[in-house]
Amino acid sequence: MMSHAEGQQRDLIRRIECLPASGHLSSLDQDLLMLKATSMATMNCLNDCFHILQLQHASHQKGSLPSGKLLLKGTTIEWLEPKIPLSNHYKNGADQPFATEQSKPMAVPEEQCVAESGLLARVRLALCYIKEPEEINADDEVKDTCDNKEDDLGAVEEQRSVILHLLSQLKLGMDLTRVVLPTFILEKRSLLEMYADFMSHPDLFIAITNGATAEDRMIRFVEYYLTSFHEGRKGAIAKKPYNPIIGETFHCSWRMPKSEVASSGISSSSTQAVANHAPPSEEALSQVGSDCYTVRFVAEQVSHHPPVSGFYAECAERKMCVNAHVWTKSKFLGMSIGVTMIGEGILSLLEHGEEYTFSLPCAYARSILTVPWVELGGKVSVNCAKTGYSASITFHTKPFYGGKLHRVTGEVKHNITNTVVCRVQGEWNSVLEFTYSNGETKYVDLTKLAVTKKRVRPLEKQDPFESRRLWKNVTDSLRECEIDKATEHKRTLEERQRTEERHRTETGTPWKTKYFIKEGTIELRQTKVLEEHDGPLTKLFM
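On a predicted model such as this, the values are computed, not experimentally measured, just so you know. (Residues numbered from 1 in each chain as written. Predicted model: local features only at pLDDT ≥ 70, side-chain atom pairs only at ≥ 80, totals over all residues. Heavy atoms only, no water.)

A. Structural detail: the overall build of the chain. Per the secondary structure count, the chain includes 13 helices and 25 strands. Taken across its 542 residues, the chain has 53% of its residues classed as buried. Here the contacts in the chain between residues at least 6 apart in sequence split such that 69% fall between residues at least 24 apart. (Helix = DSSP H or I, 4+ residues; strand = E, 2+ residues; numbered from the N terminus. Buried < 20%, exposed > 50% of the residue type's maximum accessible area, 1.4 Å probe, protein only. Contact = heavy atoms within 4.5 Å.)

Written out as structure tokens, the structure is:
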């Protein structure tokens, strides 16, 4: 039966691609492209169902499911080995092997979007921030007035046929790292700047070290962590930040009056309330020196293949800093795109001699054929080895039927006594509910939580490889809806990067980073996924 269905699907694709490129009924007709793009996903869903039936049949014969094949947890199914691939994939009417060494496009579940052939690619890379080679004059920085909210489909709506044609050429599970995506789906900022926007609540960040006990500091960090994601997404429409050019950097800072930080820490109040913080006044922000804390941020693209970014933020007055590295790995998942953030971050509180190691969730661009939107998914962890406190947080992806969007749950635990000291539930872009061991409950409305604008230097004072100056022509063209011009500027930057990379390869010249040094080496290895996950979780880090 499956062979018959595959044969019909191959015949359908062949007939569509044999149509002329123009005319009343062409191979680029939107309805036909939609049919072509979805037929492969449909066949993979059928293969999934067929494989489940096979395993169920085997379990009835043997009395239980084969070990290591399939894990059932409620209604969630986790694949731990590759499923049956389609026999062939057709591209431009030609038979192509469906799986290759470079791309293994079996039906990869979204919660394991980094998995390839049932194996999980993991990265070990420690990036250590070093002193800046040149000082950035804080007096040159001014309050950022740029607002790049992405609430308009714009060219995405007009270029839908291009999206459909692109999707018809992709294979399910395909690694998109080297795929050149259309310029009109880009948002007007670099990925490095997006990482900076996760720091838009510096008052909550600084307040972490104000915790009187190790328990309080861990809870404060979890509260800050969960309030950081909503501002990292600009608007309701899911668009893709610029892929940073190797050597690209981004600098900014935040000023926060000490009086504002003293009242921060949403776990410090003893009454039930919706925590809404008013933004600091302009008069307060103009204060410099002893009346203000300053949080400085720097990010650098340290590698091209794989694409690895390093970023560092510090508040020198409070002797605290966060150092992180992220490898963004994306895959095509049919009607959505999954991006896994492989790496880790370390928050250091030098006043207390504590380090908090944390991971990041996966991100998904959903409904890419209609109105694309962003969803987070996966399990992340926060650990402090010195104090024995840890946190486990789950970003839940929406089930196929029913369920809420953007749901998150988590708990903070003291590992030595196995005591849960805080539980959290809610939506990461709406309202979060924190329940503490003393019975107190807090509600944080993220839509009303004040965002502190970052401070950046004007373009004329930035270095040529700083993000906003580097991508200025692309950004200006996108703002003017001149997609062809933006594409040409983007191509120029990327071609220069490829040319320089070829030259370094030919001359044996290693790339030298500017702000970060490597501690150890990048080690990409394949390892079996043996953990049993509860819900749509992803094992991201070593």
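Picking up after the structure, the text goes on.
B. Region of interest: the packing of aromatic side chains. Applying the stated criterion across every chain, the model contains twelve aromatic pairs. When the ring of phenylalanine 229 is compared with that of phenylalanine 395, the centres are 5.3 Å apart and the planes differ by 75 degrees; the resulting orientation is edge-to-face. Of this pair, phenylalanine 229 sits in helix H8 (residues 229-232) while phenylalanine 395 is found in strand S19 (residues 389-396), placing the two residues 166 residues apart along the sequence. Taken together, Phe198, Phe221, Tyr225, Phe229, Tyr356, Phe358 and Phe395 form an aromatic cluster joined through their ring pairs. (Phe/Tyr/Trp six-rings, centres within 6.5 Å; stacked < 30°, edge-to-face > 60°.)

C. Structural detail: the pairing of strand S12 (residues 292-303). Here S12 lies mainly inside the structure; ten of its twelve residues are buried. Where strand S10 (residues 249-257) meets S12, nine bridges bridge the pair, whose relative direction is antiparallel. Its bridge partner being in S12, arginine 255 is matched across the sheet by threonine 294. Two strands pair when backbone bridges link them, and S12 and strand S13 (residues 308-315) are joined in this way by seven bridges, in the antiparallel orientation. Bridging across to S13, phenylalanine 297 finds its partner in alanine 313. Hairpin remark: S12 followed by S13, antiparallel, with four residues in the connecting loop. (Pairing = 2+ DSSP bridges.)

D. A look at the pattern of salt bridges. Going through the model one piece at a time under the given rule, you end up with 24 salt bridges. In this structure, lysine 485 and glutamate 482 form a salt bridge, with 3.2 Å as the shortest nitrogen-oxygen distance. We classify glutamate 482 as partly exposed; its relative accessible area is 36%. Ionic contacts of the salt-bridge type, sharing partners, join the residues Asp144, Glu187, Arg189, Glu193, Asp197, Lys454 and Arg468 into one network. (Salt bridge = Lys/Arg side-chain N within 4 Å of Asp/Glu carboxyl O.)

E. Examining the pairing of strand S16 (residues 354-358) more closely. In S16, alternate side chains face the same way, and those of Glu354, Tyr356 and Phe358 are buried while those of Glu355 and Thr357 on the opposite face are not. Bridging between strand S15 (residues 337-349) and S16 involves five bridges; their strand directions are antiparallel. Following the sheet pairing, leucine 347 is matched in S16 by tyrosine 356. Hairpin connection of S15 to S16: four residues between the antiparallel strands, including glycine 353 at a positive phi of 65 degrees.

F. Looking closely at the nonpolar core. Core analysis: the biggest nonpolar cluster contains 65 residues, and Tyr195, Phe205, Tyr225, Leu226, Phe297, Leu347 and Phe395 have the highest contact counts within it. For this core, the leading source of residues is helix H7 (residues 214-227), giving eight residues. Residues in contact with phenylalanine 297, not counting those within four places in the same chain, are Leu192, Tyr195, Ala196, Met199, Phe250, His251, Cys252, Trp254, Phe311, Tyr312 and Ala313. (Core = buried A, V, L, I, M, F, W, Y, C linked by side-chain atoms within 4.5 Å.)

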